[in-house]
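Structural features, examined
Spelled out from the first residue to the last, the chains are:
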Amino acid sequence: MTGRVMVLGGLLVLAVAIVVAVLVARSPGPGDRPAPAVRHTPGQIGEVTERRLDERRMELTIESAALEATTRVRLLLPKGWSRDAGRTWPVLWLLHGGLDSYTSWTARTDVDRLTRDTGVIVVMPDGGRCGSYSDWWNDGEGGAPRWAGYHLKELLPLLESRYRAGGRRAIAGYSMGGQGAMLYAAEGHFQAAASFSGAVDILQEGVPQAVMAGTTVGCFGTDWKRIWGDPDAQRYIWRAHNPYDQAGRLKGVRLYVASGTAEFWEDPAEHLAGKAGKAFAARLEELGIAVQTHFYRGRHDHAHWQRELHRAYPMLMRAIGAR
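Residues numbered from 1 in each chain as written. Predicted model: local features only at pLDDT ≥ 70, side-chain atom pairs only at ≥ 80, totals over all residues. Heavy atoms only, no water.

**Some thoughts on the environment of alanine 69**
In this structure, alanine 69 sits in strand 3 (residues 69-76). Overall, the relative accessible area of 37% leaves alanine 69 in the partly exposed class. Separated by 75 residues in the primary sequence, alanine 69 and alanine 144 have C-alpha atoms spaced 8.7 Å apart. What alanine 69 contacts, discounting residues up to four positions off in sequence, is Ile62, Glu63 and Ser64. (Helix = DSSP H or I, 4+ residues; strand = E, 2+ residues; numbered from the N terminus. Buried < 20%, exposed > 50% of the residue type's maximum accessible area, 1.4 Å probe, protein only. Contact = heavy atoms within 4.5 Å.)

Below is the structure:
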């Protein structure tokens, strides 16, 4: 399936979600309570296999205990990088959106060229087609997939112990990855974070229904409630994974939030992203947390996400001391 078909498929899914949202009223549920911080269970990395694709690109295949599966991550290595070097490099994590994969940033944007002369390790992990950068609820049983546990408790230490990754880190993501970027930054692992058309308010009207439709159609056969449960009955779990509700934990992080302002009939996905982005930015400002924003007329596509990465890039690099 081509990237364009995947994006169009995602827009179709979200168009269906908008129709569903009109029919399903949003109301507070019995599970509504103060949103706790998310806690991730440490995992243990199994076998790691390396494949060098070219001068800069390295692909790792990792056996993850948190996922109970094998997964992959793509790295862009800076000039002069060596695993035996007597130094470390600052790190930029790039998270992909729903229905995409760890290859999407290098396949669909110019991130290779953008970062070529910057002394930074670029990390592009797989986050699952519908992973939501979360440890899944699974009807209260927990267990795999634990995407956040894998990324923060397995992959991050692996990069520092074997691949000369330093402790100065920035993170950015588009769509589902924008949500992941803000959630991971709220955990205290990143000095800067950027969201491009991100799902940064998952309790915004219409978004729970989009999650339902997107998971059901995009990851056929997967019960959407496995991720965070029901948005009413398990409201506290949704809030624990909602950047809007976790905004107070971003104090001290350099932040960038961008999205388009399309009408829903023009682009359903970007319509929802625009509403979420504006609500999230307003919440940050309400809390006295500085945020750089860019709201524009545009669509839910890689051309706009590439442009926004270019706009956010100087700030991200300054935050981690990269040159």
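**As for the pattern of salt bridges**
Tallying each qualifying case throughout the model produces 19 salt bridges. Among the ionic pairs, arginine 239 bridges to aspartate 245, the shortest N-O distance being 3.2 Å. (Salt bridge = Lys/Arg side-chain N within 4 Å of Asp/Glu carboxyl O.)

**Some points on the sheet that holds strand 3**
Whether parallel or antiparallel, the strands of a sheet pair through hydrogen bonds between backbone atoms. In spatial order, the strands read 1-2-3-5-4-6-7-8-9; together these nine strands make up an open sheet with mixed pairing. With partners counted over all chains shown, the strands left at the sheet margins are strand 1 (45-52) and strand 9 (292-296), one partner each. Looking at each pair of strands side by side, their axes are set apart by 20° on average, direction ignored. Inspection of the sheet shows strand 4 (residues 89-95) paired to strand 6 (residues 165-174) by six bridges, in the parallel sense. Bridge pairing in strand 6 links leucine 92 to alanine 170. (Pairing = 2+ DSSP bridges. Axes fitted to C-alpha atoms, helices over the stretch in contact; angles between N-to-C directions.)

**Considerations on the side chain of aspartate 126**
Inspection of the secondary structure puts aspartate 126 in the loop between strand 5 (121-125) and helix 4 (147-162). Within the buried core, aspartate 126 has no salt-bridge partner, and the shortest N-O distance to an opposite charge, that of arginine 72, equals 8.2 Å. A distance of 3.2 Å separates the side chain of aspartate 126 from the side chain of histidine 96, its partner in a polar contact. Reaching out from aspartate 126, the side chain makes a polar contact with the backbone nitrogen of glycine 128 at a distance of 3.4 Å. Once residues lying within four places of it in the same chain are set aside, the contact partners of aspartate 126 are Thr71, Arg72, His96, Ser101, Tyr102, Trp147, Tyr150 and His151. (Lys, Arg positive; Asp, Glu negative; His and termini not counted. Polar contact = N/O pair within 3.5 Å; in protein donor to acceptor, adjacent residues only side chain to side chain.)

**Digging into the pairing of strand 3**
Remember that side chains alternate between the two faces of the sheet whenever the strand is regular. Across eight bridges, the pairing between strand 2 (residues 57-64) and strand 3 is antiparallel. Along strand 3, the bridge assignment pairs glutamate 63 with threonine 70. Linking two consecutive strands that pair antiparallel, namely strand 2 and strand 3, is a turn of four residues; a positive phi of about 55° is found at glutamate 68 within it. Across four bridges, strand 3 lies against strand 5 in antiparallel orientation. Bridge assignment links arginine 74 to a residue of strand 5, and that residue is methionine 124.

**Regarding the packing of aromatic side chains**
Following the criterion strictly, the structure yields eight aromatic pairs and no others. Arranged with centres 6.0 Å apart and planes meeting at 85°, the rings of tyrosine 133 and tyrosine 184 form a pair that is edge-to-face. Residue tyrosine 133 is located in the loop between strand 5 and helix 4, and its partner tyrosine 184 is located in helix 5 (residues 176-186); the two are separated by 51 residues in the primary sequence. Cluster of aromatic residues (ring-pair linked, three or more members): Trp105, Tyr174 and Trp305. Here lysine 278 stacks its cationic end above the ring of phenylalanine 295, 5.8 Å away from the centre of that ring. In this arrangement the basic side chain of arginine 307 is found over the ring face of tyrosine 296, its NZ or CZ atom lying 4.3 Å from the centre. (Phe/Tyr/Trp six-rings, centres within 6.5 Å; stacked < 30°, edge-to-face > 60°. Lys NZ or Arg CZ within 6 Å of the ring centre and 35° of its normal.)

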